[in-house]
Amino acid sequence: MTIITNIGELCGIVPRGVLRKEGAGMDELVTLKDAFLTVADGRIEDFGHMKDCPSPADGDEVMDACGGMVLPAFCDSHTHICYAGSREQEFIDKINGLSYEEIAARGGGILNSADLLHSTSEDDLYLQTMARVNEMTAKGTGAIEIKSGYGLSVEDELKMLRVIRRVKEDSPATIKSTFLGAHAVGRAYSGRQEEYVDLVCKEMVPAVGEAKLADFIDVFCDEGFFTPSQTERIIIAGQEYGLRAKIHANELAVSGGVQVAAANGALSADHLERTTPAEIEALRGTVTMPTMLPGSSFFLGLPYGRAKDFIDSGLGIALASDYNPGSSPSGDMRFVMAMGCIKMRLTPERAFNACTLNSAYAMGVSDILGSITKGKKANLIITDPLPSLAYIPYCYQSPFIRKVLLPE
Ligand code: NIG
Ligand code: FE
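The rules behind each value
By convention here, each chain's residues receive numbers from 1 onward along its written sequence. Lettering of chains starts at A and numbering of ligands starts at 1, both following the order in which they are written. Owing to the predicted nature of the model, reporting of local features is limited to residues with pLDDT of at least 70; listing and counting of side-chain atom pairs is limited to 80 or more, with chain, interface and lining totals taken over all residues. Water and hydrogen atoms were dropped before computing side-chain values, which therefore reflect all heavy atoms in the structure. As used in this record, nonpolar core signifies buried Ala, Val, Leu, Ile, Met, Phe, Trp, Tyr and Cys residues forming a set joined through side-chain atoms within 4.5 Å. Categorising residues by exposure relies on relative accessible area from a 1.4 Å probe, with only protein chains included: less than 20% of the type maximum marks a residue as buried, more than 50% marks it as exposed, and the intermediate range marks it as partly exposed. A run of DSSP states H or I qualifies as a helix once it reaches four residues; a run of E qualifies as a strand once it reaches two. Both are numbered from the N-terminal end. Each domain's extent was defined by an automatic or database domain assignment. By the convention used here, residues are in contact when the closest approach between their heavy atoms is within 4.5 Å. For any pair of parts, buried area is found by adding up, for both, the accessible area (1.4 Å probe) each one loses once the two are put together. When a carboxyl oxygen of Asp or Glu lies within 4 Å of a side-chain nitrogen of Lys or Arg, that pair is called a salt bridge. Cysteine sulfur pairs qualify as disulfides if the two atoms are within 2.5 Å.

Draft legend 1. Spatial organisation of the nonpolar core. Counting 99 residues, the largest nonpolar core has Ile146, Phe179, Ile247, Ile317 and Leu319 as its most contacted members. By residue number, the principal contributor to this core is helix H6 (residues 193–210), which donates 8 residues. Both of domain 1 (2–72 + 369–405) and domain 2 (74–361) provide at least three residues apiece to this core. Those residues in contact with Ile247 that lie beyond four places of it in its chain are Asp218, Val219, Cys221, Thr231, Ile235, Gly257, Ala261, Ala266, Ser268, Ala269 and Asp270. Core analysis: the next-biggest nonpolar cluster, separate from the first, contains 18 residues, Ile7, Ala65, Ala378 and Leu405 among them.

Draft legend 2. Just the domain arrangement of the protein, in detail. As far as domains go, the protein holds domain 1 (2–72 + 369–405) and domain 2 (74–361). The C-alpha-based centres of domain 1 and domain 2 are spaced at 29 Å. Listed as interface residues are 34 residues of domain 1 and, on the opposing side, 38 residues of domain 2. Summing both sides of the interface, domain 1 and domain 2 together bury roughly 2700 Å²; the carbon and sulfur share of this comes to 64%. The interface formed by domain 1 and domain 2 contains 1 salt bridge. With a shortest N-O distance of 2.7 Å, Arg350 and Asp27 are connected by a salt bridge.

Draft legend 3. Up close: the state of the cysteines. Under the definition given, this model contains 0 disulfides. No disulfide involves Cys341; its sulfur sits 8.3 Å from the nearest other cysteine sulfur, which is in Cys355. Under the relative-accessibility criterion, Cys341 is labelled buried at 16%.

Take a look at the structure:
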């Protein structure tokens, strides 16, 4: 057993069985000052006031938090970190005035990453992906969803998903994998979008499903990418293999993707930079977690999601990094939390819930992660002593994370 002693403040205590926070629930943040927490077999066994802390038995490890905070590690429910190389030339193109859509229309963007990935060996891709995972865990992330979508051919999509499976086996972080064959139309199918959708539904999905290489299925449902009806067809093909949907929607335009996600029981609808009251209405009362990605708003100069409108309508929201080479080259969840507060006017409590329990829900792991709850996996952050939770997004660059605990 590990006993963490002298915790200044234990943050994010949630009763067992609460899988997400919505509406006024987003404001709830239960903490305990001057606390201890015990970990056995990688799970949170107990916690309470320091005065009730058990004495260590032989073989127990004592970890003195020295007055620091203990928080659940961040969950990042939307990333594209399995990619090869980088795309800083497009970063310069954007500085010089080109938009994300213009770069994509010229054959750059996602297709550029697909070319790089095609010419990179599986081992090299694994090393590049693992380096990003290690970078993220060092910054406090304990669970990561990773998408395919830079393969865009049967072989290369499978190559990506095999790499993600290796990462799953080797990293102490909890990893979920998402098949995103419909991220863009592969170069070989240029001008033949419907045929590419056929390839996704009839060849890629069965190959991925039979090899059990993915937990979820995603489609980039947006202007210039895939339509709502193509999205629905792909989701339904995935359902045959038990792949739950997580949909990219409304990044570049009001795409109709949110409605498709909500109507098909998707786990999450992600991006939502462009959202009207109709999308909020479509999501109310559904199982779908609205997920916002302020990193891509920041990097591409897009509007930020209307998080407050969602919460005022009784919905929850999750925040994730979208870490990818084209629209968000950062997996720093503390920066995501800070942008949630600064740019989306979320209170620190709301931003914290969005980056922990709700982002765990959006990747299907909130029964085992995302809060301080007995029995949950002890993926934890220990910080230096901090004056309050608000200090985390306020001083978003100070190196106050002292330890990230990710039991095997
Ligand atoms: O979430 N929107 C689609 N996919 C990514 C960008 C991928 C890329 O440009 O490489 C995103 O922003
Ligand atoms: Fe994305």
